[in-house]
Amino acid sequence: MAERVIGIDLGTTNSCVAIVENGTPIVIPNRGGYKTTPSQVAITESGKRLVGHIAKRQAITNAEHTVYAAKRLIGRKWNSPPVKQAMESCSYKLIEGPHDDVRIELRGQPYSIPEISAYVLQEMKMIAEEHLGGPIEKAVVTVPAYFNDGQRQATKDAGKIAGLDVIRIINEPTAAALAYGFGKNLERKVAVYDLGGGTFDISILELGNGVFEVISTAGDTFLGGEDFDKRIIDWLVFGFAKEHHIDLRRDKMALQRLKDVAEKAKCELSSAKEAEINLPFIISKDGEALHLQRTLTREKLEELTEDLVEKTVSICRKTLAEADIEKAAIEDVILVGGMTRMPRVQAEVAKFFGMEPCKGVHPDEVVALGAGIQGAALIQTDSDMLLLDVTPHSLGIMIIGGYFHKLIPQNTTVPTTASHIFTTVKDNQTSVKILVLQGESDRAEENELLGEFILTGLRRAPKGEVEIEVQFEISADGIVSVSAKDQETGLKQAITVTATSGLTEDEIRRMVEESRDYLMDQKVNEEFEKQKQAAEKLVDEIEALFPRVEQAIAGSDFGQDAIKKARSVIERARQGIQARDAQAVVDSTEALNRTLNMFKGVVAKTRVG
Ligand code: AMP
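So, how was this worked out
Residues numbered from 1 in each chain as written. Predicted model: local features only at pLDDT ≥ 70, side-chain atom pairs only at ≥ 80, totals over all residues. Heavy atoms only, no water. Pairing = 2+ DSSP bridges. Helix = DSSP H or I, 4+ residues; strand = E, 2+ residues; numbered from the N terminus. Core = buried A, V, L, I, M, F, W, Y, C linked by side-chain atoms within 4.5 Å. Buried < 20%, exposed > 50% of the residue type's maximum accessible area, 1.4 Å probe, protein only. Contact = heavy atoms within 4.5 Å. Axes fitted to C-alpha atoms, helices over the stretch in contact; angles between N-to-C directions. Salt bridge = Lys/Arg side-chain N within 4 Å of Asp/Glu carboxyl O.

A. Molecular detail of the pairing of strand β16 (residues 274–285). Bridge count for β16 against strand β17 (residues 288–297) is nine bridges, and the pairing is antiparallel. Bridged to A275 within β17 is L296. Counting the residues between successive antiparallel strands, the hairpin from β16 to β17 contains two residues, one of them, D286, with a positive phi of roughly 50°.

Structural data, given as structure tokens:
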């Protein structure tokens, strides 16, 4: 089979996989026929891993061991505000990882966030492999445009753990624009407004002659549907507390049920004006079961979430101003992400841009389709499609006085390189420490530290004499490498910035092996289940024939022997099943088949006779 690349939209709430088949990008449905799969992972009491719809379906009864919205935590540091916020509201347990990262404790076992995301990616890989009937190794995976280097790196690690070669990471809004413009030869400026389950992005692109050029991008990686749900949950919780003086958030199962109904009500209110919220037996007080019953109107939902929508609009305003683009120059607005189904969101976007958004794209599928298109273009030698993306954050180093010296400003087209010559700041300084930072503040400490390294062996000289060239490089994936070179000696130190991905190479290697082993075990288990079912079916059929065979051969010694033999074959099959011994089950299946045929023969003969 020719080499194929899948495109995966690894979403906060749902994930989606696509591929280009015979020149047409298509979304691949999962086993259940759904085009999107919940990005949820659970570990059951018996230690079984569940991913997707089956994980979501059992979330209420297994709330503490079911992970949702892991994307909000990927590449984040333990002490960061989003992690603190998540800790307050999620039903699973977050613990500190060994590298200042976050881990999730499920059934007493710590899992890194890239590992959890890897399970979702693995599921998407499997969906594609089942559809295509062969193994898939390469993928393009999308991330929010506003993801920083650490978050991108961690997403790449997740791909690796899932057994995928992630040949490119692309930005979600850019992927959406690719799918929107695919095969249309459009020449226009478009805005992509992407409000998903956990993140918000806005990108302005210029399309023309097969070139998709991002001019500007901005966003918030902690603003999405989850925040809308939380407003509804809080409204329900406060209402309930007022009436019953009980905080429902303290009960994990109640919290999970609240989360469920809040999201359902929110979605319902995109088409209806009112949603009934009904949670019988939500909690008990003094031995008495209490119920939660309320009506949420669309108006109330809009009031509860007004500032969230406004925040997205103000980010749009800011990015247009920064890129020096007039609103009137935008010719089309593309809506991406499930949250853009909310009428108020659509209305505010239309109001801001002064036009109705484009209705031609599917908000849940367009990102994966774009990733699939990019994947196909990357392996196609004659592709005339060119994607020019930008870096969403400025990059630089810390200089004397704790200031931030930018080498690559935000919204620079990637891949790119930049360099600058710095000098020593102290007499006889023999080493320099390079702190690599990402952000927009002039103060180094207010930006994100991506990594650090030391260049040693500098000549002793008065300050300002020794020159060091610092070079930055951003790959097409948006991943950063930095080097520092002593201009006199040519001595060089370099790093690929991986410090914030949260995992070491060794850990990744171990996880890759574990995940491969897990899949093998799962295959073996599935195979065993099939053999077991086949054997059990034969046993049932043989047992059903016993009375007639016994009747037919009554009195014959040979017959008694045959019956005895049949019983022992059945016994052996049962023992093999109980011991989960695949070979024994296969062997006894053959013997069962022979016995069944013999029994059928005896019964047929008596009928004839
Ligand atoms: P995505 O990350 O693009 O899959 O978006 C998922 C988010 O969209 C979740 O927060 C969903 O609750 C939300 N969503 C999906 N359908 C609707 C709808 N009909 N109305 C409002 N929000 C929706």
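Moving on from the coordinates now.
B. Examining the nonpolar core more closely. Residues Y193, I202, L248, L292, I330 and F353 are the most contacted members of the largest nonpolar core, which totals 52 residues. A per-element tally of this core places helix α6 (residues 225–244) first, with seven residues. Dropping the residues within four chain positions of it, F353 is found in contact with A191, I202, C316, L320, K327, I330 and V333. Membership of the second largest hydrophobic core comes to 51 residues, among which are I8, I28, I136 and V143.

C. A look at helix α10 (residues 343–353). Every buried residue of α10 is listed here: V345, E348, V349, A350, F352 and F353. Tucked into the core, α10 has its buried residues touching β13 (188–195), β14 (200–208), α9 (306–322) and β18 (332–336). Where α10 terminates, the next one or two residues include G354, which has phi positive at roughly 70°.

D. Region of interest: the sheet that holds strand β9 (residues 102–106). Read across the open sheet, the three strands follow the order β8-β9-β10; overall the sheet is antiparallel. On the outer flanks of this sheet lie β8 (93–96) and β10 (109–112), each paired with one strand and no other. Strand after strand, the sheet turns through a mean of 45° between neighbouring axes, direction not considered. Two strands pair when backbone bridges link them, and β8 and β9 are joined in this way by four bridges, in the antiparallel orientation.

E. Spatial organisation of the pattern of salt bridges. Applying the stated criterion across every chain, the model contains 40 salt bridges. Residue R510 pairs with E514 through a salt bridge whose shortest N-O separation is 3.0 Å. Residue R510 and its partner E514 are located together in helix α12 (residues 505–552), separated by four residues, close to a single helical turn. You can call R510 partly exposed: its relative accessible area is 37%.

Bear in mind that shape data such as this cannot, by itself, settle questions of function.
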